[in-house]
Amino acid sequence: MAGSDTAPFLSQADDPDDEPVPGHLGIPGSVGTPKAGEPEVPDQEGLQRITGLSPAHSALIVAVLCYINLLNYMDRFTVAGVLPDIEQFFNIGDSSSGLIQTVFISSYMVLAPVFGYLGDRYNRKYLMCGGIAFWSLVTLGSSFIPRERFWLLLLTRGLVGVGEASYSTIAPTLIADLFVADQRSRMLSVFYFAIPVGSGLGYIAGSKVKDVAGDWHWALRVTPGLGVVAVLLLFLVVREPPRGAVERHSDSPPLSPTSWWADLRALSRNPSFVLSSLGFTAVAFVTGSLALWAPAFLLRSRVVLGETPPCLPGDSCSSSDSLIFGLITCLTGVLGVGLGVEISRHLRRFNPRADPLVCAAGLLGSAPFLFLSLACARGSIVATYVFIFIGETLLSMNWAIVADILLYVVIPTRRSTAEAFQIVLSHLLGDAGSPYLIGLISDRLRRSWPPSFLSEFRALQFSLMLCAFVGALGGAAFLGTAMFIEGDRRRAQLHIQGLLHEAGPTDDRIVVPQRGRSTRVPVSSVLI
């Protein structure tokens, strides 16, 4: 294909297992701008006719989804905002503290494929309503656990994963069925603003509600009430758009769901999906580690510098670091997500591989700044905050772009399943284990040194340096994604238009030369 031959970064060979339906031409040109033979992007009136929803109603649906996404991340990081108090209340160490987040992420990861399968086949609105209602009840219950029942706190945090799994796998696919092209990218950027903003609000709400109420338990009672509002908004505002309709020709038949195993097989053979998911796994590893441990690390840094008294047993841990880190997370999230989307949109005009390249630049650029933020913590807390700000801004450039990549390299009837398995992969190898791993390394290092506040600080400092290395590996995965992104997007477009059939698992084919290149054809069509 001509677009691949002239692209500025490596080249992508055609997949011999997929072929256009006889009688149709493949889509020419590079990814990003429609060319002759490509489907035209529908205008506002066309979208309204296809979805049955006005532009204002579609935007309102995105606003509701954004509110719930913000609420999900706010609840997730409220625990991190009061983590020193939880450690004192339950009398636990760093490894047990890391286990709180690990149990939640593990549950979320296991349940995501279930909701991904359901989301591709059943009403997505009602799935989200049920999951968020259950999550709100469990979160409220977790605030009444006595100090001798730490295992019960772990259990309830695991059950919270039901709500997040029901929402995170489904909500982006609704946005994909309401908007296309640059409109979709903008709406996804709005949706993913909620991740860093919600995370930051979680730190702020956790620390401030604890200060006002004088008890950290009240920090866990804020989001359940807001969850009830979320369920009502979902029920009253959100409507189910037809899957994939905005991306088909008007005369193209709707796509039908395939079996779950067929979906998994297709996704595993999609290199852009696999490699971008590995890159996002690195993002999840780094953000999961920082989300739980950064406030505690900053508190220990201030103790070593003599700027704040140590957190002693029986006392409330007073520190402004959760508040400051929360504000930084909010600001860097908005700045990073917006910056990433706009840079990518601009570069797409010149390079169809802009999306994965921007993601790679963000991760590779964040690694040295995160390392410097840890290295400078014993000398200057101000320098630490400056480097954290830069590193988190670069890290946040990935959120919306990774979601956009998934939506345009995967066909509509597999998107919830793809979201689910990206969640499984990114959390299994990312933030499901990274908080516990960081805490475990910290505890092991502390045992080898004399007990002191300095050894507590140094142990956590050295263990967090692992994040910079993992970030660099993620950048390499996104560079790999750039090698395949054009061909995978083109195949998804052809499939949506009904111009491409997938080779089945029992389709016996052999490779024969055709006009100077190899292609696979059925054995029955070759005369031997």
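Preceding block: the structure.
First, a word on what this report is: a plain description of the structure on this page. (Residues numbered from 1 in each chain as written. Predicted model: local features only at pLDDT ≥ 70, side-chain atom pairs only at ≥ 80, totals over all residues. Heavy atoms only, no water.)

1. As for the overall build of the protein
(1) Moving on: Helices and strands together make up the secondary structure of the protein, namely 20 helices and four strands.
(2) Moving on: The 528 residues of the protein split such that 56% are buried.
(3) Moving on: Taking all contacts inside the protein whose residues are at least 6 apart in sequence as the whole, residues at least 24 apart take part in 84%.
(4) Moving on: When the accessible surface of the protein is totalled, it reaches about 21,200 Å², and 65% of it is carbon and sulfur. (Helix = DSSP H or I, 4+ residues; strand = E, 2+ residues; numbered from the N terminus. Buried < 20%, exposed > 50% of the residue type's maximum accessible area, 1.4 Å probe, protein only. Contact = heavy atoms within 4.5 Å. Areas by Shrake-Rupley, 256 points an atom, 1.4 Å probe, with all protein chains shown as cover.)

2. Observations concerning the packing of aromatic side chains
(1) Moving on: Taken as a whole, this structure holds six aromatic pairs when the rule is applied.
(2) Moving on: Each ring, one from Phe369 and one from Phe387, has its centre 6.3 Å from the other, and the planes form 35°; the classification is tilted. Within this pair, whereas Phe369 is found in helix H14 (residues 354–375), its partner Phe387 is found in helix H15 (residues 381–396), the two being separated by 18 residues in sequence.
(3) Moving on: With 6.0 Å between their ring centres and 75° between their planes, Trp449 and Phe462 make a pair best called edge-to-face. Of this pair, Trp449 sits in the loop between helix H18 (434–447) and helix H19 (453–464) while Phe462 sits in helix H19; the two residues are 13 residues apart in sequence, bridging distant segments of the chain.
(4) Moving on: By the ring-pair criterion, three or more aromatic residues cluster together here, those being Phe89, Phe90 and Phe150. (Phe/Tyr/Trp six-rings, centres within 6.5 Å; stacked < 30°, edge-to-face > 60°.)

3. Here's the deal with helix H16 (residues 399–409)
(1) Moving on: With eleven of eleven residues buried, H16 lies mostly within the body of the structure.
(2) Moving on: Looking at H16, one finds that the buried residues are Trp399, Ala400, Ile401, Val402, Ala403, Asp404, Ile405, Leu406, Leu407, Tyr408 and Val409.

4. Description of the pattern of salt bridges
(1) Moving on: According to the stated counting rule, one finds twelve salt bridges in the structure shown.
(2) Moving on: In this structure, Arg345 and Glu342 form a salt bridge, with 2.8 Å as the shortest nitrogen-oxygen distance. Here Arg345 and its partner Glu342 are both found in helix H13 (residues 321–347), three residues apart, which amounts to about one turn of the helix.
(3) Moving on: What makes Arg345 buried here is its relative accessible area of 17%.
(4) Moving on: Taking the shortest distance from any N to any O, the salt bridge between Glu486 and Arg353 comes out at 3.0 Å. With Glu486 in helix H20 (residues 466–496) and Arg353 in the loop between H13 and H14, this pair connects stretches of sequence that are 133 residues apart. Arg353 carries the same exposure label as Glu486, and that label is buried.
(5) Moving on: Through salt bridges with shared partners, a single network forms among Arg121, Asp263 and Arg414. (Salt bridge = Lys/Arg side-chain N within 4 Å of Asp/Glu carboxyl O.)

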